[in-house]
Amino acid sequence: MSKKATDPRVLRTRKLLRDALMSLLHEQSFDTITVQQIADRATINRATFYLHYADKHDLLTQAMQDILDELTLLPTPLSYTNPQQMEPQRLQAFFVEIFRHVEQHAAFYDIMLTDGSLATFAVKIQEYVEQIGIKWLARTARDDVVRLSLNGQEIIISAVAGAYMGMIRWWLKAGMPHPPEYMADQFMQLMLPGILTALNIPQ
């Protein structure tokens, strides 16, 4: 990472711009927002905006990437001593952290998943989640997983990611009436039996 990318002043300015964009998205559609509005809301000049981002799409894409990158830092759901074994307790803890991540960035997810003008970005979010799932599935190195074709693995992960996105949308729309622990438990109950069956793993 370059020195510029870690300079506290640069990071502070970029956060101001991201926060300004999120604030404006609560008031109007992304299509109608201008760079000048973002700069004004962030209390910086327009020229400073272009020192950091090419346009508003670049800003939104980078903001999304920064938040989604946090998912890669979550603890692995695989056992450290036996990485081929999927442990329900570790998987449960993993999904709790995922829902906590959404709770922490609720304003971001609420906008990205419900604003029709941001539909392409919502698709990117699901694709990102699927990529993490495919990598996780590959790391199990189980014979029954290896025997699955790439299409077979993608079908499983796509189904899980789709269910996850649907549950997140409901949770946000309902005002997050349940804590992350409850949501993770419900998700596990709904999805784990299907995953284990698809992988021919005894339940």
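Residues numbered from 1 in each chain as written. Predicted model: local features only at pLDDT ≥ 70, side-chain atom pairs only at ≥ 80, totals over all residues. Heavy atoms only, no water.

Draft legend 1. Up close: the overall build of the chain. In terms of regular secondary structure, the chain is built from eleven helices and zero strands. Listing every helix and strand of the chain by position from the N terminus yields α-α-α-α-α-α-α-α-α-α-α. Counting over 203 residues, the chain shows a buried share of 42%. Within the chain, counting contacts between residues at least 6 apart in sequence, those at least 24 apart form 64% of the total. Here the chain has roughly 11,100 Å² of accessible surface; of this, 56% comes from carbon and sulfur atoms. (Helix = DSSP H or I, 4+ residues; strand = E, 2+ residues; numbered from the N terminus. Buried < 20%, exposed > 50% of the residue type's maximum accessible area, 1.4 Å probe, protein only. Contact = heavy atoms within 4.5 Å. Areas by Shrake-Rupley, 256 points an atom, 1.4 Å probe, with all protein chains shown as cover.)

Draft legend 2. Layout of the packing of aromatic side chains. Scanning all chains against the criterion turns up nine aromatic pairs. Aromatic side chains F49 and Y53 sit 6.0 Å apart centroid to centroid with 50° between the ring planes, which places their arrangement in the tilted category. No difference in accessibility class separates F49 from Y53, as the two residues are buried. Judged by centre distance (6.3 Å) and plane angle (85°), the ring pair of Y164 and F187 falls under edge-to-face. With Y164 in helix α10 (residues 150-173) and F187 in helix α11 (residues 180-198), this residue pair connects regions lying 23 residues apart in the sequence. As far as the burial class goes, Y164 and F187 line up, both buried. Members of the aromatic cluster, connected to one another through ring pairs, are F94, F95, F99, Y164, W171 and F187. One cation-aromatic arrangement involves K56 over F30; the distance from NZ or CZ to the ring centre is 4.7 Å. (Phe/Tyr/Trp six-rings, centres within 6.5 Å; stacked < 30°, edge-to-face > 60°. Lys NZ or Arg CZ within 6 Å of the ring centre and 35° of its normal.)

Draft legend 3. Looking closely at unusual backbone geometry. Although it is not a glycine, T43 sits at a positive phi angle of roughly 55°. Look at T43 and you get exposed, because its relative accessible area is 69%. Positive phi, close to 50°, is recorded for M176, a residue that is not glycine. Summarising the element assignment, M176 is placed in the loop between α10 and α11.

Draft legend 4. Spotlight on the pattern of salt bridges. For the structure on display, the rule yields six salt bridges. With a closest N to O distance of 3.2 Å, D66 and R18 form a salt bridge. Here D66 is found in helix α5 (residues 56-69), whereas its partner R18 is found in helix α2 (residues 8-25), with 48 residues between them in sequence. Residue classification places R18 among the partly exposed residues on the basis of a relative accessible area of 21%. Each of E97, R100 and E181 takes part in a single network of salt bridges with overlapping partners. (Salt bridge = Lys/Arg side-chain N within 4 Å of Asp/Glu carboxyl O.)

Draft legend 5. Expanded view of the packing of α2 against α5. Relative orientation of the contacting elements α2 and α5 amounts to 105°, with a least axis distance of 10 Å. Compared by their axis directions, α2 and α5 come out roughly perpendicular. Contact with α2, carried on its side by L17, R18, L21 and M22, involves L59, L60, A63 and D66 of α5 and no other residues of that element. Of the residues belonging to the contact of α2 with α5, the class tally is six nonpolar, no polar and two charged. (Axes fitted to C-alpha atoms, helices over the stretch in contact; angles between N-to-C directions. Parallel < 35°, antiparallel > 145°, perpendicular 65-115°, else oblique. Nonpolar A, V, L, I, M, F, W, Y, C, P; charged D, E, K, R; others polar.)

Draft legend 6. Spatial organisation of the side chain of H52. Tracing the backbone shows H52 in helix α4 (residues 46-52). Residue classification places H52 among the buried residues on the basis of a relative accessible area of 16%. A polar contact is formed between the side chain of H52 and the side chain of R14, at a distance of 3.4 Å. Setting aside its immediate chain neighbours within four residues, H52 contacts V10, T13, R14, L17 and D58. (Polar contact = N/O pair within 3.5 Å; in protein donor to acceptor, adjacent residues only side chain to side chain.)

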